[in-house]
Amino acid sequence: MVSFHKGFIKTHPLISVILYVLRLYLAFSTVSPATTAIDPCYNYTVLDDTWRSISNTDGLRDNISNCDTSVSWSGWYRLFINNNSAHIPDTCVAPFSCGTDTALWIRGGHPTVTDGVVTRDVCGYAYSYCCAYGSFPIKVKACPDNYYVYELVSPTFCDSAYCADTGSINTSPTTVTPVAISPDPCYNYTVLDDTWRSINNTHASVRNCDKSVSWSGWYRLFINNTSAHIPDTCVAQSSCGADIALWIRGGHPTVTDGVVTRDVCGYGWSYCCFLGSFPIKVKACPDDYYVYELVRPTGFCSAYCADTGSINTSPTTVTPVTISPGVSSDDWSVSYSPSHICALKDSTVIMRCTYTYPTGYQIMKVFWTNESIKGKEPPDLSNDTEYSQRLQYLGDKQQNCTVRLSHVTLKDSHMYYFRFITDKEMKWTGAPGVTLTVTDLQVESPERVTEGDSVNLRCKSSCALTDRATFIWYRNSQPLTERRDRNNELLLQSVRREDSGRYSCAVDGHTHISPAVQLNVMYSPRNVSVSISPSGVIVEGDSVTLNCISDSNPPAEISWFKGKRKILQSGETYNITNIKSESSGDYHCSAINKHGSQTSAAVNVNIMYPPRNVSVLISGSGVIVEGYSVTLNCISDSNPPAEISWIKGGTIVGSGRIYSISKISSDDSGEYKCKSINEHGEKYSDAVTLNVMYPPRSVSVSISPSGVIVEGDSVTLNCISDSNPPAEISWFKGGTIVGSGRVFSISKISSDESGEYKCKSINKHGGTYSDTVTLNVMYPPRSVSVSISPSGVIVEGDSVTLSCISDSNPPAEISWFKGGTIVGSGRIFSISKISSDDSGEYKCKSINEHGEKYSDNVTLNVFYSPRNVSVSISPSGVIMEGDSVTLNCIRDSNPPALNFSWIKGGTIVGSGRIYSISKISSDDSGEYKCKSINEHGGTYSDTVTLNVMCEFIIKKQDAVEHPSMFIMIFINNYLHIFFFYDPCNNYVW
């Protein structure tokens, strides 16, 4: 949370005003290293976000990251955490602290009150380095009441945020302590001569990265054999062959500063030190070069830069490193003359040398070396395969130590030392030695000159050649004999285009020749012309190339014109692939560069092509009626003009551009086209149709299917008519219109649609009827039924006629059935003197070739009077006195008899079909019969006799003689007697 704090003391208003004025007075009158118009100690904004605490690492757990780039910073701020005064940490803060990804802290410690306003770098931890990320510096001030205020600005990148801490602070002054290195790195270094490290290299296709280098010890930089140094001012991103170009911050030391430590920075996010790498050590050497103790950069793809320009040697308070001197005393010495030699590549160098030593010593060994390392015996170059064949010692073991080195190379650039060893184990090296710089030659020339200018070429070496030199110049590998001069410059006055070429230089007496440099003489276009390829006949579809020939430097920009219209395409060559006739015309080109312009003469492109866009135009394009005159015109585009033929269908009917038909008839109707042909090809027009109009004729009707038509079929009547335009069709059945259209369809035709049909064909030129056709619809039997005559009651003996009614086409054959048995055929089935045996269910079957159908059943019910009348007795066995007996009158009659009478003897004793006697007695014995009556008559049954039996039970021993009309049966020692005929009470026991 941000709030504004005025800095007033909450007390009596008058006292508050006095104290406020006093503080303002102190603020404006105090002299300090940095002051502001209003003391920020009393004019700040409170910053009290609790998430800024260095103890807040919840962002890492909860994936929450705050970012101070979104804050609109303005003026000075004081920090609080939970109402406790806080400050920005001045020591390294771990990543993902303070509620953000990159926690920002200040580098260099906090100031004291007497320091006033100071500026501090802002850092963020990454890649194991506390200041791998750099943000814009901020101003800091210590206030009297033991708190700090900060002039905060938006950080360089997101996600980063300023931290807040309530712990201790660092107010120790920053001091630089000199470092002593042994052996001296000025004479013990590794050469780093990658040309891609140049700050001028901003177009490298490969991005280099120093993280992959195994760095060890001290390094000296070269670019193209020229001593270089790491830049000490900001370097743009993507320079030096890397994404992040590294430079050192704080300037270079002087020789007296000794070894110093410098921060390493890389540009990003609009800040020169956005990316920080591990600090490195730097030392200035006596011969005006620098060495660096390089280490692996922190992150990203970054690399150390190299520069040959000016350096910054702003004084830095350091204590110099003590280096052992090259000459120890007057008694022991080595002298080199000269001490610096600049020699041309592949030349021979003589390093002149003398030495002295006290008397009483004898020289045992002398040799030259290119190393001088304390505590280590340097190598003898005469034993080194790189030098042994080229190094010749010209001195002696007295005082001359001169040596000759032949065929020197750029790698021979070193400091060389003479060393001698005496008989008393005294060893002496002449340090510092003689510095040999081997150079090649480079021609320095302007990139381009204009014809008529004066041009000065310079033969340049990386150092001033020690020997006096005479320079020789070459153009295109040929010597310019007139150009030999002790001056290393070649002057070309009023340069001509013929002076263009590759120039190189050499030194007289030496074999080395510089790389050639192109001298580019600029001049305006001349001799501009156009050539056409191919040069002969151009046919449409060919590929044609127009070439603008122009002599100019720089090459001219070419514009092409067709007539007066400029063509969008440019360049020396104007290609037209698959050329069209539209491209015919006059072409010219214009050549222009910054020195002038010239236009070519026009050339004509005449494109031949076969016929195209061939079409036929009909004169009198309206309706053509039989008898009119018609003209056809063949329109064709071709080069050269084409010959014309006329075709109707596939037959040639004429030639020439015009084809005429007088008094046209319908036979002339059809498709016409013309054929256009020349030596490059042929083409037919699209066909056009001559549509001759006439009234309907030859009108007829066809029936489909053409054979027998069965009910349920789909039948199509087609009105065939020859007319133009096509006629409108009407359909008639009898005299009634039943439809329209060329086709009259009847789906699932029925017999109702049988009849005579015809069509009428009519157009605007007339109308005609067809002949009639007949539709005869066949169908299987249907609506089959049986009628009975007479229709009333049928009595046995009557004559009866059955008629089978059936609808079918063709007429059906009839069969008669009684039950499931065929009893007759024909439409009529007659029965004379019908009997009850003829009663039953009758039906007829109607059948033709399209199907069959049965009628529903009809019943013949023949009526007759009762017959076969009889009586049945139940039970049917012996009837005992007391039994229940039922007499049933059985009869055959139609309708069934409903009137019954029962007669015993001659007396009517009951009615109804059933006559029942319950508990029969011997009195009920006798003869019985029944009479059955219906409306057609009555009939008696035969008589039946009821013989009622009696039963007596006596003991067996009491049995006596008895009449023959009984039966005796012993059952369980009892005698059962059954009497017949006589009443039971006629016997006494």
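What counts and what doesn't
- Residues numbered from 1 in each chain as written.
- Predicted model: local features only at pLDDT ≥ 70, side-chain atom pairs only at ≥ 80, totals over all residues.
- Heavy atoms only, no water.
- Disulfide = S-S within 2.5 Å.
- Helix = DSSP H or I, 4+ residues; strand = E, 2+ residues; numbered from the N terminus.
- Buried < 20%, exposed > 50% of the residue type's maximum accessible area, 1.4 Å probe, protein only.
- Pairing = 2+ DSSP bridges.

Draft legend 1. Structural view of the state of the cysteines. Tallying each qualifying case throughout the model produces 15 disulfides. The disulfide partner of C634 is C674, and the S-S distance across this bridge is 2.0 Å. Here the S-S torsion is close to 70°, and the disulfide linking C634 with C674 is therefore right-handed. Taken as a pair, C634 in strand β46 (residues 630-639) and C674 in strand β50 (residues 670-678) lie far apart in primary sequence, 40 residues in all. A relative accessible area of 0% places C634 in the buried class.

Draft legend 2. Structural view of the sheet that holds strand β45 (residues 624-625). Read from one edge to the other, the open sheet built from 4 strands follows the order β45-β53-β55-β58, with strand pairing classed as mixed. Strand pairing shows two members of the sheet lacking a second neighbour, β45 and β58 (743-746), which therefore form its edges. Bridge count between strand β55 (residues 715-724) and β58: 4 bridges; the pairing is antiparallel. The partner of N718 across the bridge, within β58, is V743.

Draft legend 3. Representation of the pairing of strand β77 (residues 926-934). With 6 bridges joining them, strand β74 (residues 899-904) and β77 adopt antiparallel strand pairing. Looking across to β77, one finds that S901 is bridged to K931. One ladder, built from 3 bridges, connects β77 with strand β79 (residues 944-946); its direction is antiparallel. Pairing of E927 across the sheet is with T945, part of β79. Note that β77 and strand β78 (residues 937-940) share 4 bridges and pair antiparallel. Across the sheet, I933 pairs through a bridge with G938, a residue of β78. Linkage of β77 to β78, two consecutive antiparallel strands, is achieved through a turn of 2 residues.

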